[in-house]
Amino acid sequence: MLNAEKLEKEIVKLEPINVDIDIYCYNEYKVTPYSLFLLENISNVKKNCTILDFGSGTGIIAIACYYLKIKQIYAYDINSIGIELTKYNIAVNNAGDINIIDGKSLLNDMPTLDLILSNPPSLPCEHKTSDFFYGGYFGTNVIFEMIDIGSCKIKKGGTLEFVLTSLVSQNDVKNYLAQRGFNFLICDQMNLTFRNFYFDMLPHFEKLKSQGKCNFFRDDKNQYYETLFYVKAEKL
């Protein structure tokens with residue numbers, strides 16, 4: 001159960017239709033720059049489609065799709081807090097038509113999808129941390145899980161559209177997509193300063209960078225940056 005005293009309200013503007021969305025955050029479950037970057041790129045999603053918000057977290061992506069009048073919307077998160085927070089924010093926004101997938105086994109019961117949208121947890125971590133950003137040793141665990149689900153549930157010509165950080169090997173993701181029958185296209189990108197807690201993991205990032213599995217840069221003011229990519233992968 002969510003502790004109501006820990007809920008913090010944030011207002012997110014959905015630019016394409018000039019709508020303010022009330023989103024309640026909880027502990028580390030917040031609307032991140034990753035999610036906002038994803039939101040900037042979904043305005044061209046076709047209304048007559050069935051989508052899955054994979055790793056819904058606060059529910060912001062699914063709720064944005066509701067306001068964009070997408071025909072059929074599903075939301076799924078591996079973590080019970082993510083599920084409860086998604087449900088809470090759906091209720092706050094009266095977005096009751098969104099279908100919650102409460103349990104991985106229920107993913108099999110979904111209809112065929114046109115699209116999966118995701119800001120997947122993908123931070124490379126040497127040790128297990130919060131489900132909100134933990135992506136495994138190389139950062140690819142949840143990304144690969146998302147691709148596997150997409151290969152089973154997305155129809156031919158449908159797409160996976162997700163945020164990929166340069167802290168994860170782009171080649172590894174591209175190759176895994178190809179193995180599962182998807183192409184790989186970068187539609188947008190932006191540089192983002194490191195969040196404060198990244199510096200505890202910097203030795204791990206540097207080790208992966210030396211292996212060609214991670215990329216980031218530092219400017220002349222000693223500021224560290226990752227690069228975010230908006231990836232569109234079509235099922236062939």
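Rules used in this analysis
Residues numbered from 1 in each chain as written. Predicted model: local features only at pLDDT ≥ 70, side-chain atom pairs only at ≥ 80, totals over all residues. Heavy atoms only, no water. Helix = DSSP H or I, 4+ residues; strand = E, 2+ residues; numbered from the N terminus. Rg over C-alpha atoms; globule rule 2.2 N^0.38 Å. Contact = heavy atoms within 4.5 Å. Lys, Arg positive; Asp, Glu negative; His and termini not counted. Charge placed at Lys NZ, Arg CZ, Asp CG, Glu CD. Buried < 20%, exposed > 50% of the residue type's maximum accessible area, 1.4 Å probe, protein only. Salt bridge = Lys/Arg side-chain N within 4 Å of Asp/Glu carboxyl O. Polar contact = N/O pair within 3.5 Å; in protein donor to acceptor, adjacent residues only side chain to side chain. Pairing = 2+ DSSP bridges. Phe/Tyr/Trp six-rings, centres within 6.5 Å; stacked < 30°, edge-to-face > 60°. Axes fitted to C-alpha atoms, helices over the stretch in contact; angles between N-to-C directions. Parallel < 35°, antiparallel > 145°, perpendicular 65-115°, else oblique. Left-handed = near helix turned anticlockwise from the far one by under 90°. Nonpolar A, V, L, I, M, F, W, Y, C, P; charged D, E, K, R; others polar.

Draft legend 1. Just the overall build of the protein, in detail. When helices and strands are tallied, the protein shows 6 helices and 10 strands. The C-alpha radius of gyration computed for the protein amounts to 17 Å, which stays within 12% of the reference 18 Å derived for 236 residues, consistent with globular compactness. Dimensions of the protein along its principal axes, counting C-alpha atoms only, are 45 × 45 × 35 Å. Intrachain contacts of the protein at a sequence separation of at least 6 include 68% that bridge at least 24 residues. Charge separation in the protein, taken as the distance between the mean sites of 24 positive and 28 negative side-chain charges, equals 6 Å.

Draft legend 2. Broad picture of the side chain of Lys153. Positionally, Lys153 belongs in helix α4 (residues 141-153). Look at Lys153: it is buried, it has no salt bridge, and the nearest opposite charge is Asp109 at 7.4 Å. For Lys153, the side chain forms a polar contact with the main-chain oxygen of Met110, separated by 2.6 Å. Sequence-distant contacts of Lys153, that is, excluding residues within four places in its chain, are made with Leu107, Asn108, Met110, Pro111, Thr112 and Leu113.

Draft legend 3. A look at the pairing of strand β1 (residues 7-14). Judged from the 8 bridges that link them, β1 and strand β2 (residues 19-26) form a sheet pairing that is antiparallel. Following the sheet pairing, Leu7 is matched in β2 by Tyr26. Here β1 folds back onto β2, and the loop between the two strands holds 4 residues, one of which, Asn18, carries a positive phi near 55°.

Draft legend 4. A look at the packing of aromatic side chains. Evaluation of the coordinates by the stated rule reveals 18 aromatic pairs. When the ring of Phe54 is compared with that of Tyr76, the centres are 5.7 Å apart and the planes differ by 40°; the resulting orientation is tilted. Of this pair, Phe54 sits in strand β3 (residues 50-54) while Tyr76 is found in strand β4 (residues 72-76), placing the two residues 22 residues apart along the sequence. Seen from their ring centres, Phe144 and Tyr176 are 4.0 Å apart, and the 10° between their planes marks the pair as stacked. With Phe144 in helix α4 and Tyr176 in helix α5 (residues 170-179), this pair connects stretches of sequence that are 32 residues apart. Among the aromatic residues, those joined into a ring-pair cluster are Phe133, Phe194, Phe197, Tyr198, Phe199, Phe205, Phe216 and Tyr224.

Draft legend 5. Here's a closer look at the packing of helix α1 (residues 33-40) against helix α2 (residues 60-67). The interhelical angle for the contact between α1 and α2, taken along N-to-C directions, is 25°, at an axis separation of 10 Å. Between α1 and α2, the crossing angle belongs to the class labelled roughly parallel. Viewed along their axes, α1 and α2 form a crossing whose handedness is right-handed. Residue-level inspection shows Ser35, Leu38 and Leu39 of α1 in contact with α2, the latter providing Ile60, Ile61 and Ala64. Taken together, the residues that form the contact of α1 with α2 break down as 5 nonpolar, 1 polar and no charged.

Draft legend 6. Molecular detail of unusual backbone geometry. Despite not being glycine, Lys69 shows a phi value in the positive range, around 65°. With respect to the helices, strands and loops of the structure, Lys69 is situated in the loop between α2 and β4. The class of Lys69 is exposed, set by a relative accessible area of 61%. Positive phi, close to 55°, is recorded for Asn94, a residue that is not glycine. Mapping Asn94 onto the fold places it in the loop between α3 (80-92) and β5 (99-101).

Draft legend 7. Spotlight on α2. Of all 8 residues making up α2, 6 are buried, and the element is well covered by its neighbours. Downstream of α2 by a residue or two, Lys69 has a phi angle that is positive, lying close to 65°.

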